[in-house]
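Chains, contacts and geometry: an overview
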Amino acid sequence: MTPKKKNLFERFANWATIATGSSTAFLTAISVIIIWGVTGPIFHYSDTWQLIINTGTTIVTFLMVFLIQKSQNKDSKAIHLKLNELLASHQGASNRMVDIEDITEKELDQLHKFYQQLAILAQQEDDITCTHSIDAAEENHTSKLNILKTKPHYNAHKLKLKSRKSNGTGRPG
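Note that the structure is a prediction, hence the values are computed from the model and not measured.

Tallied over the full model, the rule gives one salt bridge. Note that Glu 10 is salt-bridged to Lys 74, the shortest N-O span being 3.6 Å. Placement of Glu 10 in helix H1 (residues 8–20) and of Lys 74 in helix H3 (residues 47–89) is noted, with a sequence separation of 64 residues between them.

This is how it looks when you write it as structure tokens:
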């Protein structure tokens, strides 16, 4: 992908974001505050003296809100695109998760509940590397569990759990 020529505002916003996030910008801001504080006695701590710092910081804050938001929007979009690429390229991942940031809050809550249930299913498995997609979670879980039940270590694990429950202590008996 070849870099495109950015418009004037985008170039300025990128420059301003980098510049205002630097150590130099922080030291400059501290210097302005120190100079303002030192000049207080000279101006007899007048209303005008106070108004200068209040106006200056308000203007800078107001403009920074927009620069920060632009920077966060761009970063967020880039992260979403990278995640979408990972989802699209991974065989086991659900393509329904691509562009999930565009669904409603209610739909996000439903998916959250699904993944809570998926976490419960995953805790019941011995293998921490097992994965599920949103489309096949129950089927994968049942299939894996049926295969797992044929393994000797699974049955030994179940016998230990039964023994713990039967002696009432929850500990190996």
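Next up on the list: the packing of helix H2 (residues 23–38) against H3. Two elements in contact, H2 and H3, have axes separated by 11 Å at closest approach and are oriented at 170°. Classed by the angle they form, the pair H2 and H3 counts as roughly antiparallel. Contacts between H2 and H3 involve Val 32, Trp 36 and Gly 37 on the former and, on the latter, Trp 49, Gln 50 and Ile 53.

Taking 1.5 Å as the rise per residue, H3 with 43 residues should run 63 Å; its terminal C-alpha atoms sit 62 Å apart, in good agreement. Among all positions in H3, only Trp 49, Ile 53, Leu 67 and Asn 84 are buried. Looking at the buried side of H3, the elements it contacts are H1 and H2.

Let's shift gears to the environment of Ser 71. In this structure, Ser 71 sits in helix H3. Put simply, Ser 71 and Thr 17 are 54 residues apart on the chain and 7.2 Å apart in space, counted from C-alpha to C-alpha.

Within the structure shown, the criterion is met by five aromatic pairs. An angle of 35° between the planes, with centres 5.9 Å apart, marks the rings of Phe 12 and Trp 15 as tilted. Taken as a pair, Phe 12 and Trp 15 lie in helix H1 at a separation of three residues, close to a single helical turn. Residue Phe 12 is classed as partly exposed on the basis of its relative accessible area, which comes to 44%. With 5.1 Å between their ring centres and 80° between their planes, Phe 114 and Tyr 115 make a pair best called edge-to-face.

With that out of the way, let us pick up a nonpolar patch on the surface. A grouping of Phe 26, Leu 27, Ile 30, Ile 34 and Val 38 is seen on the molecular surface, where their side chains present a nonpolar patch of about 500 Å² in accessible area. Along the chain, the position of Phe 26 falls in helix H2. Judged by relative accessible area, Phe 26 falls into the exposed class, the value being 54%.

A few words on the side chain of Asn 84. Along the chain, the position of Asn 84 falls in helix H3. Taking the relative accessible area as the measure of exposure, Asn 84 reaches 10% and is therefore buried. The contact partners of Asn 84, leaving out residues within four places of it in the chain, are Met 97, Val 98, Asp 99 and Glu 101.

This next bit is on the packing of H1 against H3. Where H1 meets H3, the axes come as close as 10 Å, and the angle between the chain directions of the two elements is 100°. Considering their axes alone, H1 and H3 lie roughly perpendicular with respect to each other. Seen from H1, the contacting residues are Phe 9, Glu 10, Ala 13, Asn 14, Ala 16, Thr 17 and Thr 20; seen from H3, they are Met 64, Leu 67, Lys 70, Ser 71 and Lys 74. Split into classes, the residues belonging to the contact of H1 with H3 amount to five nonpolar, four polar and three charged.

To continue, consider unusual backbone geometry. The phi dihedral of His 44 falls on the positive side, at around 55°, and the residue is not glycine. Looking at the element boundaries, His 44 is found in the loop between H2 and H3. You will see that Tyr 45, though not glycine, has its phi angle at about 50°, which is positive. Along the polypeptide, Tyr 45 turns up in the loop between H2 and H3.

Here is what the cut-offs are and how they apply
Residues numbered from 1 in each chain as written. Predicted model: local features only at pLDDT ≥ 70, side-chain atom pairs only at ≥ 80, totals over all residues. Heavy atoms only, no water. Salt bridge = Lys/Arg side-chain N within 4 Å of Asp/Glu carboxyl O. Helix = DSSP H or I, 4+ residues; strand = E, 2+ residues; numbered from the N terminus. Axes fitted to C-alpha atoms, helices over the stretch in contact; angles between N-to-C directions. Parallel < 35°, antiparallel > 145°, perpendicular 65-115°, else oblique. Contact = heavy atoms within 4.5 Å. Expected span 1.5 Å × (residues − 1). Buried < 20%, exposed > 50% of the residue type's maximum accessible area, 1.4 Å probe, protein only. Phe/Tyr/Trp six-rings, centres within 6.5 Å; stacked < 30°, edge-to-face > 60°. Patch = residues over 30% accessible without salt bridge, like charges linked within 9 Å, V, L, I, M, F, W, Y side chains within 5 Å. Areas by Shrake-Rupley, 256 points an atom, 1.4 Å probe, with all protein chains shown as cover. Nonpolar A, V, L, I, M, F, W, Y, C, P; charged D, E, K, R; others polar.

So far we have only geometry, and geometry alone does not tell us how the molecule works.
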